[in-house]
Structure formats: C-alpha cells, structure tokens
Amino acid sequence: MPRKVNYGLDYDDGYDGYDDYDDFDDYEDYANANDYGVKEKEKPSWNDRSTIKVEKKTKKLALWQCSVCNSDNEQSSSSCDICGVLRDPAQNIGNGSAENAPFQFNTLSPDDMVSVGKMSSRKSSKVSANNTGKKAIAKFTATNEMAENSSGIISGANQLNGSESGNANIKSDTPQILASDLHQMKLDKVSTNFRKAKPLAEYKPEKWMLANQDGILNQLNLAVVGHVDSGKSTLSGQLLHLLGRVSKKEMHKFEKEAKEKGKGSFAFAWATDESAEERERGVTMTVAVAYFDSKKYRVVLLDSPGHKDFVPNMISGATQADAAVLVVDASIGSFEAGMDGNGFGQTKEHAQLIRSFGVEQVIVAVNKMDTVGFSKERFEFIKSQLGNFLRSCGFKESQVTWIPLSAMENENLVTSATDARLSSWYEGSCLLEAVDSLQLPVRDASKPLLLPICDVIKSHSLGQVAACGKIETGAIKNGSRVLVMPLREVATVRSIERDSCPCSVARAGDNVAVSLQGIDGVHVTPGGVLCHPDYPVTVASRLELKILVLDIMGPIIVGSKFEFHIHHAKEAARLVKIVSLVDQKTGKAAKKTPRFLTAKQSAIIEVALDRAVCAEEFSKHRALGRAFLRASGCTVGVGIVSKVFSDES
C-alpha cells in the first residue's frame, strides 16, 4: 500500500523563511549586549551593533567560512549571517570527506561574489541589502541545482537513506534533507504494490490444473434451505447418520443430552448444530458444513439457518451451492406461515435467494408428512402453491424435483418409502436418489484462480491463517503464490484441505481451506478473494446494479439505505441514482427515469458502499456479479452487477 507521508519544506519555503530571521538576529545581539558594556535598556546604534558582532565573532574559536561571501560564521549556524546561503554539508561531515557529502552546492561566479560583497559592505542599509541578496542568491542556487543536479539530488537522497553515518552527520541541514525526502517519498508513493491486471486472453493454464485425479468422486455443494422449524437440521442429521457419517454411539449421546434438556426431538439436529447456543435455543444460527458420499458424488452439505434474523449467514454460506434442497413443513399452518410470514415468509425468501445465487436445480423436500397422515391431497396442494411461486422465480419445471418424506420417521430418505400410506400413491425416487440425479454445473479450471473467502481460521499460537471457501475458477496447489484482495497482499499457499482432508491440488468446484504464510492474519477477512497475482479482481465502492424489487411495503427512493451483499461480503450501502426502469419482457431500459421504485419492478440503479468490495460485472464472472439488497430484516431486491466503477482507475 502507498505510504502516507507528512510533506516537508519546499526549497522556496525554506529560503523565504530566512527573511523572518533578521529581526531575531538583531534581538539576540541586543540581548547579549551587556557582555560588551552596553546598558540593558539602551538600544545600540547600527554601527555599534556591527562592531559588537565583529568582536563577538573574534571571541568564538569554532567558526566556519561561507563559500560564497567568505564571511566567518559560528559553528552552530546553519546559514551565513551575511548572504543567507545554507552551510555546505561537506564542512560538517566530521570524520567523512567532502566526496561523501550527500549534497554539493554550486558556487557563484566571481562577478556574483563581488556584487554580494558590495551589498554586504553597505552597513547603513544592511536589512534591505540582506533581504535582496539572500533572495537573489537563493533563486540563483535553486535554479542552478534544478538545471544541473536534479539527478544528483535523487541519488543523494538514496545515499542518505542507505548510510547511517550520513544521517548522523547532516542533522543541521534540515531544509535540504526535508526537500530531498519529499522528492524521494513522492517516488515511493508511485512505486507501490499495485499490480496492473493482465489481459485475460494472455492467461494459459498449466497442465496440472486441468488433470483429473482418478478414483475421486466429483464434488457437489448442496445447500439445505427453508423456513424456520421446517426440519432442515433434523433432515441433515438423519442423512449423515444413515450414511455412516454419524455413528450410533454419537447418536445415542445426542439423544441422551437432548432429553436431559427437554429437547428430545432435536437429537438429529445436534449432529450439525454443534454450538451450545444453537442447542440451547433449538435454532440453527450459522451454516453447518458436513460431508457424505452418494453413489455419484462427494456431497458437501450446507445446512443453512432458517430464522429471518440469520438470513445474512444463510446468504454467505449458500452462495457456494451448486444445487439446493428446499425443505417445507407439510403441517397445517406451518407451510402457510412459510409462504406468508406477515407478508414474506422464509420459504419464499430462501427460494428467491437461491435462484439469485445461480442455483437452477432444486429438490423440494416436503417434510413432516407423517403429521398429515402422508396425505396425497396435502402434498398436491403444497406442490401447486409453491410450484407457481418457483416458476415466477425463474425455476424451470423440469429442474424441480418433489419428494414427500419424513425425516424423523426415516421415510423416503435413503431408501424407498416403506409406510403403506405413502407407498400407496408415491412411486418416485427417494431423496438420496434425487441427489444423484442432479447435474454438476460447468466448472472452468482453465481460467485464473478465484476463491471468495467464506470464513477465516486463525492460529495465534502458530501464527498461521487459513482461508475457507469454494474455488470458483482455476486451480491451486501447495506452494502457489496468491493475491489476497482487496488489500493486495501476496501470500504463499502452505497447505490445502479439501473436505477436511489434506490434499496437494484443488480445482474449480472444490470446497477447501487454504493455509497461508507470509501474510499478516488481519489482512485475510471473510468477503475477500484469493486470486492469481497477475489477474486481480476489481475493487469498487460504487456499482451499477440491475435489480428486481421483491414484495416490499413501501417505495425505494434515492438516499435509501441498504445492507448490501455480494458473495461473502456485506457492506452498508446507499442508493445514489435510479438510472431507469427495465422492461421485464424485453429486458430493455425505459427512457423515462422514475422517482421511486415499487414492488415487482425491475430497474437499473447505482449504489455507493461505505467500503470497497471485490466485485465483477456479471457478464465477466457470475460468482462475483450477483448482489442482494436487504433492509429492515428483509430482502428487498436481488440482481446482478451491470457496471463496476473501479476504485483503481
């Protein structure tokens, strides 16, 4: 990062300042006049004061001679009392020689020295002569230096920085040093760690990035979302138990502890809700990450919170999803609460969000069917109501799979239904088979590395930091150098863990924890991005968005404040401009600019963020181009980044 510096004196500032010292010199002579027999209250005449100065100089043994007017001056003086020229640093080097002096001043010509001598000999007009002479000499010296020794000044500054002895011996030459340091610091400011991005067309992936390892299942990131108390954590825990990821001994322990706290029905949920606060409240608060193997995939299960207070956590975790399981509660009243919820239930909001994440495939798990007697009519009612809404969100009917089940009763999870009330009318696949029927999205390991940071794990004892997240594009291996954005710090990959297991190489689509070295842990934060050093992502605090306004109660006007979400970053934002409305059928912008936005409208807007975030245009990179606006605990708009006003330009 560029250094922040306090700028020193300019050459003109330094010389002009000496004009003010004339009165001070006169006062000093007057104050010391008692040493020469002058009365304290009697101000000496100009001639007497000149005589006093001569006598005073003769008493001083430590003198230095001006190289311009040959006048003797006290050793402590940094400039000539007669002509005002700064003292030659070469005469105050001490043990060093004149050749090692960092600055050399050009001497005046003989004619100029004669003119200076004439000015100094006019004792009757000493003050005006001093002012005129010093300004002329300063102007001449500064001009001569700029014309002939500009490179010498810079090299002198470099020598000054590299030589400790030089620093110690030229403390009296403050004006020159400050001006030189100013020039050098300006050069340093230009030479920062900023890397100009190379054209993407120049990037060529290495062979190890594209090779697939035999015997390893493809990874599928599966988000489990839905309204609060719909049974998401119980469903996840039951799956993990049935597939051997949670042992019988552990389940027995969970059941015992849950009963002791009066929460016997939450035993399976405790397989993913591990924190004491989550178990005490019976509510998932953060995205829990678990793993299991199906016949086709190595599944990363992202159990998301359903409570409206923790939607920001749900957004941060579920943005990694390739597909989603939308869990709904079939109980009478519970499904309706998720669809309404005082205007906007979490079933609706989560469905909108996962579609905005880019998720196109969704499995609708109609849970707790045992509470309605596995009624086919209830299932069809839910399918009809929710199906219409999903189509309005942009989900294709062919990409939506409907599964009736009961997580608590283990019906239709990993095997076909055994209860006659369900098997009598449902002949479709079970949940695990539906997971295997999902298709992986396109993953490109041939592009530069891009890994949005979801979480950061710091080890204060070892001084290490690990960045966790899903690799969107490219590949990474041990020893790779990465650029940590937005602070532009370069680090080296020390080790990689995929699915909590060490590995040497990870590619696009893998959920990994990357341990970094050579960087301060405070520079690695959730919401940042690990990328290729030569292809940094864009950093911006002002963005143009193309959004869809959701079901909101009041209008959105210029100046409205939001909670802005993009991948794993969250910042306060303000609407600064409504550019235009967008026709939802044609996608074209209208000519008329509206004064405010209402529900169900599409528009192009500009937002200003409190702090810069890593963002890209949606057309260039989808993972860093999806944005969400929230206010008053609700999502008010979803959309994409259409333009980035880069802070680096």
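What counts, and at which threshold
Residues numbered from 1 in each chain as written. Predicted model: local features only at pLDDT ≥ 70, side-chain atom pairs only at ≥ 80, totals over all residues. Heavy atoms only, no water. Helix = DSSP H or I, 4+ residues; strand = E, 2+ residues; numbered from the N terminus. Expected span 1.5 Å × (residues − 1). Buried < 20%, exposed > 50% of the residue type's maximum accessible area, 1.4 Å probe, protein only. Contact = heavy atoms within 4.5 Å. Pairing = 2+ DSSP bridges. Axes fitted to C-alpha atoms, helices over the stretch in contact; angles between N-to-C directions. Parallel < 35°, antiparallel > 145°, perpendicular 65-115°, else oblique. Left-handed = near helix turned anticlockwise from the far one by under 90°. Nonpolar A, V, L, I, M, F, W, Y, C, P; charged D, E, K, R; others polar. Core = buried A, V, L, I, M, F, W, Y, C linked by side-chain atoms within 4.5 Å.

- The name recorded for the protein chain in an unreviewed UniProt entry is Protein-synthesizing GTPase protein, from Dioscorea alata.

**Quick notes on helix H16 (residues 376–393)**
1) Next: The terminal C-alpha atoms of H16, which comprises 18 residues, lie 25 Å apart, in line with the 26 Å expected from a rise of 1.5 Å per residue.
2) Next: Of all the residues in H16, the buried ones are Arg 378, Phe 379, Ile 382, Leu 386, Gly 387, Phe 389, Leu 390 and Cys 393.
3) Next: In this fold, the buried residues of H16 make contact with strand S6 (323–329), helix H14 (334–339), helix H15 (346–356), strand S7 (362–367) and strand S8 (400–404).
4) Next: In the stretch just after H16, Gly 394 is the one whose phi turns positive, near 110°.

**Focus: H15**
1) Next: Taken across its eleven residues, H15 has ten buried, putting it largely inside the fold.
2) Next: By the burial criterion, the buried members of H15 are Gln 346, Thr 347, Lys 348, Glu 349, His 350, Ala 351, Gln 352, Leu 353, Ile 354 and Ser 356.
3) Next: Of the residues trailing H15, Gly 358 is marked for its positive phi of about 100°.

**Notes on unusual backbone geometry**
1) Next: Along the chain, Met 485 connects to Pro 486 via a cis peptide bond; the corresponding omega equals 10°.
2) Next: Looking at the secondary structure, you find Pro 486 in the loop between strand S13 (481–485) and strand S14 (489–498).
3) Next: The residue Lys 368 is not glycine, and still its phi comes out positive at about 60°.
4) Next: In this structure, Phe 374 takes a positive phi of about 50° despite not being glycine.

**Some thoughts on the pairing of strand S26 (residues 634–646)**
1) Next: As judged from the nine bridges shared by strand S19 (residues 539–549) and S26, these two strands associate in the antiparallel manner. By the bridge assignment for S26, Lys 546 is matched with Ile 640.
2) Next: Here strand S25 (residues 626–631) pairs with S26 via six bridges, running antiparallel. In the sheet register, Arg 626 faces S26, and the bridge partner there is Ile 640.
3) Next: What sits between S25 and S26 in their antiparallel hairpin is a turn of two residues, with Ser 632 showing a positive phi close to 55°.

**Thoughts on the packing of helix H13 (residues 311–318) against H15**
1) Next: Contact geometry of H13 with H15 gives a least axis separation of 11 Å together with a crossing angle of 30°. One finds that H13 runs roughly parallel with respect to H15. Viewed along their axes, H13 and H15 form a crossing whose handedness is right-handed. Contacts between H13 and H15 involve Val 311, Met 314 and Ile 315 from the former and Gln 346, Glu 349, His 350, Leu 353 and Ile 354 from the latter.
2) Next: Taken together, the residues that form the contact of H13 with H15 break down as five nonpolar, two polar and one charged.

**Things to note about the nonpolar core**
1) Next: Counting 77 residues, the largest nonpolar core has Leu 235, Ile 354, Phe 357, Val 366, Leu 386 and Leu 390 as the members making the most contacts within it.
2) Next: Dropping the residues within four chain positions of it, Phe 357 is found in contact with Met 314, Ile 315, Ala 318, Thr 319, Arg 626 and Phe 628.
3) Next: The next biggest cluster of nonpolar side chains, apart from the first, holds 26 residues, and it includes Ile 547, Ile 566, Leu 575 and Val 641.

**What about the environment of Glu 74?**
1) Next: Considering the arrangement of structural elements, one finds Glu 74 in strand S2 (residues 72–74).
2) Next: Owing to a relative accessible area of 23%, Glu 74 belongs among the partly exposed residues under this scheme.

**Quick word on the sheet that holds strand S24 (residues 602–614)**
1) Next: In space, the six strands of this closed barrel follow the order S19-S24-S22-S21-S25-S26, with antiparallel pairing throughout. Strand after strand, the sheet turns through a mean of 45° between neighbouring axes, direction not considered.
2) Next: Together, strand S21 (561–566), strand S22 (569–582) and S25 form the strand contacts of H13, whose direction differs from that of S25 by roughly 175°.
3) Next: The sheet contacts of H15 involve S25 and S26, and relative to S26 the element is tilted by about 20°.

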